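Geometric and topological summary
Spelled out, the chains give:
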Amino acid sequence: QVQLVESGGGLVQAGGSLRLSCVASGRIFRLNSMGWYRQNPGKQRELVARMTIGGSTNYADSVKGRFTISRDNAKNTVYLQMNSVKLEDTAVYYCNVENWGVNYWGKGTLVTVSS
């Protein structure tokens, strides 16, 4: 089993910045992919950004140029730097990792963007 603990969510003004962190622990073999998804009530969970162990990234079009994903493999940690946030970035953000073919999810951290 792999446990994920997210942190860094909170209230931020539009145009501001926030940094999310997610630490993975437990029976880790190889975190092929680490990433962030988000979800609002009544909507599907959507990919925000994802990074492979080799460093390849992909981003949702809505966050390109504003958000940056990074990871520290030695610390089993993935980060999401959120800049120039918009009202529509408000959501619960979930950390997701793929450990040797198995997906794990964090419990989520709420990001609220105010005007």
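Report follows, based on the coordinates. Each chain has its residues counted from 1, following the order in which its sequence is written. Predicted model: local features are reported for residues with pLDDT of at least 70 only, side-chain atom pairs are reported and counted for 80 or more only, and whole-chain, interface and lining totals are derived from all residues. Side-chain numbers here rest on the full set of heavy atoms in the structure, without hydrogens or water.

Before going further, it helps to spend a moment on the nonpolar core. Among the nonpolar cores identified, the biggest contains 28 residues, and Trp36, Leu80, Met82 and Tyr93 are the most heavily contacted of them. Taken together, the elements giving at least two residues each to this core come down to strand S1 (2-7), strand S3 (18-26), strand S4 (31-39), strand S5 (46-52), strand S7 (67-72), strand S8 (77-82), strand S9 (91-99) and strand S11 (109-114). Leaving out residues up to four positions away in the same chain, leucine 80 has contacts with Leu18, Arg19, Leu20, Trp36, Val48, Ala49, Phe67, Thr68, Ile69 and Tyr93. Nine residue types can take part in a nonpolar core, namely buried Ala, Val, Leu, Ile, Met, Phe, Trp, Tyr and Cys, and a core is a set of them joined through side-chain atoms within 4.5 Å. In this scheme, a residue with accessible area under 20% of its type's maximum is buried, one over 50% is exposed, and one in between is partly exposed, where area comes from a 1.4 Å probe on protein chains only. Per the convention used, a helix needs a DSSP run of H or I reaching at least four residues, while a strand needs a run of E reaching at least two, with both numbered from the N terminus. The criterion used for residue contact is that any of the two residues' heavy atoms lie within 4.5 Å.

Time to look at the pattern of salt bridges. When a carboxyl oxygen of Asp or Glu lies within 4 Å of a side-chain nitrogen of Lys or Arg, that pair is called a salt bridge. Tallied over the entire structure, the rule returns four salt bridges. For aspartate 89, the salt bridge is made with arginine 38, and the minimal N-O distance between the two is 3.0 Å. Within this pair, whereas aspartate 89 is found in the loop between S8 and S9, its partner arginine 38 is found in strand S4, the two being separated by 51 residues in sequence. Of the two residues examined, aspartate 89 and arginine 38, each falls in the buried class. Among the ionic pairs, aspartate 89 bridges to arginine 66, the shortest N-O distance being 2.7 Å. Within this pair, whereas aspartate 89 is found in the loop between S8 and S9, its partner arginine 66 is found in the loop between strand S6 (57-59) and S7, the two being separated by 23 residues in sequence. Residue classification places aspartate 89 among the buried positions, given a relative accessible area of 0%. Residue arginine 66 is classed as buried on the basis of its relative accessible area of 9%. Each of the salt bridges in this network shares a partner with another, and the network as a whole consists of Arg38, Glu46, Arg66 and Asp89.

The next point concerns the packing of aromatic side chains. Here a pair means two rings of Phe, Tyr or Trp (six-membered ring of Trp) with centres within 6.5 Å. Their orientation is stacked below 30 degrees between planes, edge-to-face above 60, and tilted elsewhere. A full pass over the atoms with the stated rule returns one aromatic pair. With 5.0 Å between their ring centres and 70 degrees between their planes, tyrosine 37 and tryptophan 105 make a pair best called edge-to-face. One end of the pair, tyrosine 37, is in strand S4; the other, tryptophan 105, is in strand S10 (residues 102-105), with 68 residues separating them in the sequence. Both a distance and an angle decide whether a charge sits over a ring: NZ of Lys or CZ of Arg must be within 6 Å of the ring centre and within 35 degrees of the ring normal. Between arginine 19 and the ring centre of tyrosine 79, over which it is positioned, the NZ or CZ distance is 4.1 Å. When the ring centre of tyrosine 94 is taken as origin, the NZ or CZ atom of arginine 45, which lies over that ring, is 3.7 Å away.

All right, on to the state of the cysteines then. Cysteine sulfur atoms are paired as a disulfide whenever they come within 2.5 Å of each other. Applying the stated criterion across every chain yields a total of one disulfide. Between cysteine 22 and cysteine 95 runs a disulfide, and the two sulfur atoms are separated by 2.1 Å. Classification of the bridge connecting cysteine 22 and cysteine 95 rests on its S-S torsion, roughly -85 degrees, and on that basis the disulfide is left-handed. Of this pair, cysteine 22 sits in strand S3 while cysteine 95 sits in strand S9; the two residues are 73 residues apart in sequence, bridging distant segments of the chain.

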